[in-house]
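This is what each chain is made of:
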Amino acid sequence: MKNPDLKDPFGSIDTLSESFQQGILTPSNVMESHLQRIEAHEPKLGAYQALYIDSALSAADAASKAIASGHRIGPFHGIPFALKDIFDLEGQITTNGSLALADRVSTKTGTIVRRLVAAGGIIIGKSKSVECAFGGWGTNQRMGTPWNPWDLTHKRVPGGSSSGSAVALAAGMAVCAVGSDTGGSVRLPAAYCGMVGLKVSEGRLPCDGIMPLSQTLDTPGPITQTVIDAGLMFQVMDGCEGWAIDQERASHTGLFAMLGKGVAGLRLGKIDEKERLNCSSEILDSYDLAIEELERLGAITEVFNTPTPYEKLANENGAITAIEAYHNHGILFEDAAKPMDEDVRKRMLSGKKYLAHDYVRMLETRRICSKAFAKKMAGLDAILTPTITSTAPMLTEIDQDISPGHFTRPFNYLEMCALALPVGLSEGGIPTSLQIVGRANDELLVLRVGAALEAELPPVGRPDIG
């Protein structure tokens, strides 16, 4: 692999942490570079709902002094990140992507955000979200849809609901970002914007201080430039102390041991011919090349026939989400006078048509489907699917009644974890993405597979936005 450029202020968590330790760059250098980039490109891209420039500069200065004086907390110390605007931050406005909540001031900061800040992370600002985090395309009629930076001529979907997080990261306006995933809301924007996104297992990370969409299905997660960054950020979000992460790295244990194991001997499932029909030729070409590379590295692949079609699993996920979303936010959308996103209003109000026995049946069906899937997956270490069925379409081409989460929603429903990994660019220069799916609490395994593949593939990089 090419040696990282430790002088690049737009590097990864991993490389910037090393640069800070060696005194090549400081958090202040990095923050200033990112803020300059935001000043130049945010007016067009619209990734942020709010920016905290003064506090970010002050925190970067404090981190620079602390690291220089030998008081480094760990690998996340001094790293600027974007925070999805559904995460509460005490004393700051959290809109949940809704104009109707434009004046809502948070009274608390949740566990995930407290862990990231305690690890030395610096919040640049709140990134835009689909209203109430309910939508996979990344659009927002009232608060603005971020511009996918891979095509500056045609406005393409950024992916949702963590749209601003992925756009900010892809454009070099953050080192990493926080998102949430109920049916693909970390993985879809990561895939459409050429980034890495980790969907964690249900219940693995705390959700307090995060606007609930579906209490059953919600999972917070990182969006990053690289697989190792996803692992590092996941460890911080999971409560691992900075010194412990540093110790694992020095001893090559834990996360760092797993990332270096490769894939030789792993048994990986791939989609069948019926599922391939859902994908564009560009996505299939990229998917097949990724599988060929994994096979070359020693993985054993075989066709996996899901016992329940992914479409049915995705639809069941959508129904549970709608029911719980209506419970959480229906009162806002029932008021026709409130300035709500009409696409989200339609999805939200669909949740009230279900009766209590429908909901109970759905939860029982979920348990049965999860058990059947686990049984069918016996003997396999992970499942490989495309993350998305096509590269990012133009906004004018999408159907808001159809979710792009064909391959992402099922794994929220099945309580599993998954990694979205960029694997190439289409002929038009738009990212493609592979999804690596693991059993519940098998995050290190999906990161291991992703790291092995990432090490062999040409880097997708970032879009050229000038």
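Definitions and cut-offs
- Residues numbered from 1 in each chain as written.
- Predicted model: local features only at pLDDT ≥ 70, side-chain atom pairs only at ≥ 80, totals over all residues.
- Heavy atoms only, no water.
- Pairing = 2+ DSSP bridges.
- Helix = DSSP H or I, 4+ residues; strand = E, 2+ residues; numbered from the N terminus.
- Axes fitted to C-alpha atoms, helices over the stretch in contact; angles between N-to-C directions.
- Contact = heavy atoms within 4.5 Å.
- Polar contact = N/O pair within 3.5 Å; in protein donor to acceptor, adjacent residues only side chain to side chain.
- Core = buried A, V, L, I, M, F, W, Y, C linked by side-chain atoms within 4.5 Å.
- Buried < 20%, exposed > 50% of the residue type's maximum accessible area, 1.4 Å probe, protein only.
- Salt bridge = Lys/Arg side-chain N within 4 Å of Asp/Glu carboxyl O.
- Expected span 1.5 Å × (residues − 1).

Caption draft 1: Here's a closer look at the sheet that holds strand β7 (residues 267-270). One open sheet holds the 11 strands; their spatial order is β1-β3-β2-β4-β6-β5-β10-β11-β9-β7-β8, and the pairing between them is mixed. Each edge of the open sheet carries a strand with a single partner, namely β1 (48-51) and β8 (300-303). Across the sheet, the axes of successive neighbouring strands diverge by a mean angle of 30 degrees, strand direction being ignored. Inspection of the sheet shows strand β10 (residues 417-425) paired to strand β11 (residues 431-438) by 8 bridges, in the antiparallel sense. Each bridged residue has a counterpart across the sheet, and for L419 the counterpart in β11 is I436. Along the sheet face, helix α16 (residues 443-456) touches β5 (196-199), β10 and β11 and points at about 10 degrees away from the line of β10.

Caption draft 2: Broad picture of the environment of E248. By secondary structure assignment, the location of E248 is in helix α8 (residues 242-251). Contacts of E248, omitting those with residues within four sequence positions, involve Q235, T253, G254, L255 and F256.

Caption draft 3: Highlighting the side chain of T306. For T306, the position within the fold is in the loop between β8 and α12 (310-334). A polar contact of 2.6 Å, which involves the side chain of T306, links it to the backbone oxygen of T308. Once you skip the residues sitting within four places of it in the chain, T306 turns out to touch L313 and F373.

Caption draft 4: Fine view of the nonpolar core. Counting 139 residues, the largest nonpolar core has Y48, F76, L116 and Y310 as the members making the most contacts within it. Per element, the largest residue contribution to this core is 9 residues, and it comes from α12. L116 has contacts with F76, F81, G121, V178, M233, V236 and M237, leaving out every residue within four places of it along the chain.

Caption draft 5: Geometry of the pattern of salt bridges. Counted under the stated rule, the structure contains 21 salt bridges. Linking K126 and D85 is a salt bridge whose minimum nitrogen-to-oxygen distance equals 3.3 Å. On the criterion of sequence distance, the pair formed by K126 in strand β3 (residues 122-127) and D85 in the loop between β2 (80-84) and α4 (111-118) is long-range, its members being 41 residues apart. Of the residues examined, K126 reaches a relative accessible area of 0% and is grouped as buried. Judged by its relative accessible area of 1%, D85 is buried. Between R276 and E273 there is a salt bridge, with its nearest N and O atoms 4.0 Å apart. Note that R276 and E273 are positioned in helix α10 (residues 273-276) at a spacing of 3 residues, about one turn of the helix. What makes R276 buried here is its relative accessible area of 19%.

Caption draft 6: How the structure looks around α16. Across its 14 residues, α16 extends 21 Å between first and last C-alpha, which sits within 8% of the 20 Å expected from 1.5 Å per residue. For α16, the tally of buried residues reaches 10 of 14 residues, placing the bulk of the element in the interior. Taken together, the buried residues of α16 touch β5, α7 (227-237), α9 (255-259), α11 (281-296), β10 and β11.

Caption draft 7: How the structure looks around α7. Most of α7 sits inside the fold, with 11 of its 11 residues counted as buried. Listed in full, the buried residues belonging to α7 are V227, I228, D229, A230, G231, L232, M233, F234, Q235, V236 and M237. With a side-chain oxygen lying 3.1 Å from the backbone nitrogen of D229, the N-terminal cap of α7 falls on T226.

Caption draft 8: How the structure looks around the pairing of β3. The buried fraction of β3 is high, at 6 of 6 residues. Sheet topology note: the β1/β3 ladder contains 3 bridges and is antiparallel. Residue pairing in the sheet places A50 in a bridge with K126 of β3.

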